[in-house]
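# Observations on chain architecture
Here is how the chains run, residue by residue.
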Amino acid sequence: PFETSKPSLPALTGDVDWKELFSLDQQMAADQTREKLLMLLLAEPYFYEIEHFLRLMSNLLPATPIVGGIVHPVQLKANTSPQGTLFINDKCVTGGAVGCLIKANVKMYGSTTVGGEPVGPTMRVTQASQNMLLELDGKPALDQLMVVLNELRGQNVGINIAVDEKSGGKGFVLRNLERVDHASRGVILATDEI
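In this report, we go over the structure that sits alongside the text.

The rules behind each value
- Residues numbered from 1 in each chain as written.
- Predicted model: local features only at pLDDT ≥ 70, side-chain atom pairs only at ≥ 80, totals over all residues.
- Heavy atoms only, no water.
- Patch = residues over 30% accessible without salt bridge, like charges linked within 9 Å, V, L, I, M, F, W, Y side chains within 5 Å.
- Areas by Shrake-Rupley, 256 points an atom, 1.4 Å probe, with all protein chains shown as cover.
- Salt bridge = Lys/Arg side-chain N within 4 Å of Asp/Glu carboxyl O.
- Helix = DSSP H or I, 4+ residues; strand = E, 2+ residues; numbered from the N terminus.
- Buried < 20%, exposed > 50% of the residue type's maximum accessible area, 1.4 Å probe, protein only.
- Contact = heavy atoms within 4.5 Å.
- Core = buried A, V, L, I, M, F, W, Y, C linked by side-chain atoms within 4.5 Å.
- Expected span 1.5 Å × (residues − 1).
- Pairing = 2+ DSSP bridges.
- Axes fitted to C-alpha atoms, helices over the stretch in contact; angles between N-to-C directions.

## A closer look at a nonpolar patch on the surface
- A contiguous nonpolar patch, built from Leu40, Leu42, Val67 and Ile102 and spanning about 250 Å² of accessible area, is present on the exposed surface.
- With respect to the secondary-structure elements, Val67 resides in strand 3 (residues 66-70).

## What to know about the side chain of Thr4
- Within the secondary structure layout, Thr4 lies in strand 1 (residues 2-4).
- Taking relative accessible area as the criterion, Thr4 reaches 8% and is therefore assigned buried.
- The contact partners of Thr4, leaving out residues within four places of it in the chain, are Pro10, Phe47, Phe53, Gly95, Gly96 and Ala97.

## What to know about the nonpolar core
- Grouped together as the largest cluster of nonpolar side chains are 15 residues, with contacts concentrated most on Phe2, Trp18, Leu21 and Phe53.
- Contributing elements (two or more residues each) for this core: helix 1 (18-29), strand 2 (36-43) and helix 2 (50-60).
- If you look at the next biggest cluster of nonpolar residues, it comprises 7 residues, including Leu142, Leu145, Val187 and Leu189.

## Points about helix 1
- Helix length check: helix 1 (12 residues) gives 16 Å between terminal C-alpha atoms against 16 Å at 1.5 Å per residue, within 8%.
- In the core, the buried residues of helix 1 are packed alongside strand 2, helix 2 and strand 6 (97-104).
- Where helix 1 ends, the next residue or the one after it, Asp31, has phi of about 55°, a positive value.

## Re the sheet that holds strand 2
- One open sheet holds the 4 strands; their spatial order is 1-6-2-3, and the pairing between them is mixed. Looking at which strands have only one partner, the edges of the open sheet turn out to be strand 1 and strand 3. For this sheet the average axis-to-axis angle between neighbouring strands, irrespective of direction, equals 20°.
- Where strand 1 lies against strand 6, 3 bridges are found, and the strand directions are antiparallel. Bridged to Phe2 within strand 6 is Gly99.
- Packing against the sheet, helix 2 makes contact with strand 1, strand 2 and strand 3, and its axis sits at approximately 170° to strand 2.

Coordinates in, geometry out; function isn't part of it.
Below is the structure:
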């Protein structure tokens, strides 16, 4: 595990050092080891040096995948700015990033998810063409979306699409709104097909 608040090589805790990790990364690149290395990195949203830190890590450990994300900021006390809160071992960190390097003899896969929560009523897609929603609950998709947007005013919007009606509302995927088509009153989503 490590923590950092600047774009430099952080101190590691535990029984491993950067020289050993660099050697393992080189063996991975040459496919001479069964052990794999993965970096898990979580940053608070105001760690503006994250790009420099990621560049340093990818230069130091080019064969090591880096996965993670940015924690959601919350306002911890009244009249204070929102901040992200991170934990490492038994310590709470309110700035920078925390991470760990995982070394194992397993296959590792990364996955991307988008955080979001549904807004507005659940609506059935009654007509669609490729990535364009044309109707929701039998009405033009744009008209239905405008009702929901007027309630949100200024919030980031994604569209939750039910994957399987029988899942009881649990099988949704979130797709970002790309643009609207006024002629068809349709809504174009950032996906290949609905």
